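What follows is each chain in one-letter form.
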Amino acid sequence: MPETKTDAASDGAKRIVYFEKFADPVTGTILARDPSINVQRLELSNSDAENWQAFSGAHGYQIRAARDELPVHFFANSEFLARCPNMLVVSSMGAGFDTVDLDACSAAGVIVVNQAGGNAEAVAEHALGLMLALSKRVGETDQFMRAQDGIARNTYMGRNIQGKTLGIIGLGHIGRRMAELCGSLFGMRVLAYDPYLEDSDFVERGAVSASFEDVLANADFVTVHCPRTAETINLLDARAFGLMKPGAIFINTARGGIHDEAALFAALQSGHLSAAGLDVWAVEPPPRDHPLLSLSNVLASPHTAGVTHESRHQVASYAGEQLLEIFAGRRPPRLLNPEIWPVFQQRYRALFED
Ligand code: NAI
């Protein structure tokens, strides 16, 4: 892409824009260390003209990671990038990046980074919490006790998770922490499906590599920890749920849309699956009359797995530090399209060094 040194760029300022708030204000504190960086806060309530004016001169965009928190025309896709000739980097606020079209960014010579790892502990603890609560049927007994008197304790007999098989879809930062927790705390056998890892990665991360089908067929718990991409949308569909062991428990703390909600409802209602723990939804927040929320063996949370005090601060620190590296011309640690790095270097030099 030919560089256009617009007025906004010609003063040498490195312009980063974001909507309304960072995951934690520490991002701004960190970016303030570099006086050549100019951070501009945008409001969704601004006129589009005002926001587009800022985007047209921006070099960096700290973008919200959740689809339902950003109007679609501010997603980083090809139409958006066509209006941002100086954009060098799109930085996701979290580990997910479903508001970003990675291929479109690569085609435009724009690097994409995320903050994977910053909230891994929070999400893994949440997924494990759902597994334990569902195995002990805590949600069901809680609902019963609030609605009715008396209880036949054997009606809600639970199961231990010790020694059972865990199936992980996506063995990245969160998946590997799940493998570590479940393997070491409960002696669980851990199977994982991740087409982007080498055999040695599985060994190092405490899991046995298995095909998607084998994970489903052998796991007592299936937990999803892959990103939402064109490849993973509806990955867990009626066929996949059909392959799961009768009585198995399904957990998704990754992204809505990776599982087909109607197919999951059918698998739970028929009794094929015994329970599900869901932090993520096709539309967020889901409506109160969502069919899955009518089932007592579904434990729900509103995309809060990664939202802890510690993880917000860590993710926001990662974001600030990583943007400082990028705007010093150095290669960032969490680059999602590394093949674009040489193009970025050329574009960066043309804007700030030539
Ligand atoms: P990560 O990037 O460290 O790991 C993702 C793993 O998924 C990688 O190992 C990758 O190879 C694998 N993967 C990619 N495509 C796959 C496919 N088709 N099938 C199986 N595996 C595939 O990311 P991290 O930090 O582990 O986060 C995982 C996901 O969790 C994020 O993409 C995000 O969507 C979600 N998340 C949800 C949060 C919440 O609050 N509920 C908070 C943080 C992350």
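Rules of the game
- Residues numbered from 1 in each chain as written.
- Predicted model: local features only at pLDDT ≥ 70, side-chain atom pairs only at ≥ 80, totals over all residues.
- Heavy atoms only, no water.
- Pairing = 2+ DSSP bridges.
- Helix = DSSP H or I, 4+ residues; strand = E, 2+ residues; numbered from the N terminus.
- Contact = heavy atoms within 4.5 Å.
- Axes fitted to C-alpha atoms, helices over the stretch in contact; angles between N-to-C directions.
- Buried < 20%, exposed > 50% of the residue type's maximum accessible area, 1.4 Å probe, protein only.
- Right-handed = clockwise from strand over helix to strand, strands pointing away.
- Near = heavy atom within 4 Å.
- Polar contact = N/O pair within 3.5 Å; in protein donor to acceptor, adjacent residues only side chain to side chain.
- Areas by Shrake-Rupley, 256 points an atom, 1.4 Å probe, with all protein chains shown as cover.
- Nonpolar A, V, L, I, M, F, W, Y, C, P; charged D, E, K, R; others polar.
- Domains from an automatic or database assignment.
- Buried area = accessible area lost by both parts, 1.4 Å probe.
- Salt bridge = Lys/Arg side-chain N within 4 Å of Asp/Glu carboxyl O.

On to the sheet that holds strand S11 (residues 275–278), then. In sheet architecture, strand pairing relies on hydrogen bonds along the backbone and comes in two forms, parallel and antiparallel. A sheet is described by the order of its strands in space; here seven strands give the open sequence S8-S7-S6-S9-S10-S11-S12, paired in parallel fashion. Either end of the sheet is taken by a strand with one partner, and the two such strands are strand S8 (208–209) and strand S12 (298–300). Both strand S9 (residues 221–224) and strand S10 (residues 249–252) contribute to a ladder of four bridges, which runs parallel. Within S10, the position partnered with Val222 by the bridge is Phe250. Packing of helix H12 (residues 261–269) onto the sheet brings it into contact with S10, S11 and S12, and relative to S11 it is tilted by some 145°.

Strand S6 (residues 165–169) sits mainly inside the fold: five of its five residues count as buried. The side-chain alternation of S6 yields two buried faces, one formed by Thr165, Gly167 and Ile169 and the other by Leu166 and Ile168. Sheet analysis places S6 next to strand S7 (residues 189–193), joined by five bridges and oriented parallel. For Leu166, the partnering residue across the bridge sits in S7 and is Val190. Each parallel crossover has a hand, and the one from S6 via helix H8 (residues 173–186) to S7 is right-handed. Note: S6 against S9, four bridges, orientation parallel. Following the sheet pairing, Leu166 is matched in S9 by Phe221.

Moving on, we get to the site of the ligand. In the vicinity of the ligand there are 27 residues, among which His173, Asp194, Glu231, Asp279 and Gly306 approach most closely. Here an oxygen atom of the ligand sits 2.7 Å away from a polar atom, N or O, in the side chain of Asp194. Within the backbone of Thr253, a nitrogen or oxygen atom sits 2.9 Å from a nitrogen atom of the ligand. Against a free-state accessible area of 860 Å², the protein chains account for coverage of 90% of the ligand. Of the residues assigned to the shell around the ligand, the class counts are 12 nonpolar, 11 polar and four charged. Mapping the shell around the ligand onto the domain boundaries places at least three of its residues in each of domain 1 (7–118 + 309–352) and domain 2 (120–300).

So, on to the sheet that holds strand S1 (residues 14–19). Here we have five strands laid out as an open sheet, ordered S2-S1-S3-S4-S5, and parallel in their pairing. Of all the strands in the sheet, just strand S2 (37–42) and strand S5 (111–113) have a single pairing partner and so form its edges. Sheet twist, expressed as the mean angle between neighbouring strand axes with direction ignored, is 20°. One ladder, built from three bridges, connects S1 with strand S3 (residues 60–63); its direction is parallel. Each residue of the ladder has a partner; that of Tyr18, found in S3, is Gln62.

Our next topic: the domain arrangement of the chain. Split into domains, the chain comes out as domain 1 (7–118 + 309–352) and domain 2 (120–300). The gap between the C-alpha centroids of domain 1 and domain 2 is 33 Å. The interface of domain 1 with domain 2 comprises 10 residues on the first partner and 11 residues on the second. Carbon and sulfur atoms supply 49% of the area buried between domain 1 and domain 2, which totals about 820 Å² over both sides. Looking only at domain 1, the three residues that lose the most surface to domain 2 are Arg67, Asp68 and Asp98, adding up to 50% of its buried area. Along the contact surface separating domain 1 from domain 2 lie one salt bridge. Between Asp98 and Arg255 there is a salt bridge whose closest N-O contact spans 2.8 Å. Counting the contacts that link domain 1 with domain 2 gives four residue pairs in polar contact (both at pLDDT 80 or more). Taken together, the residues of the side of domain 1 that touches domain 2 break down into three nonpolar, four polar and three charged.

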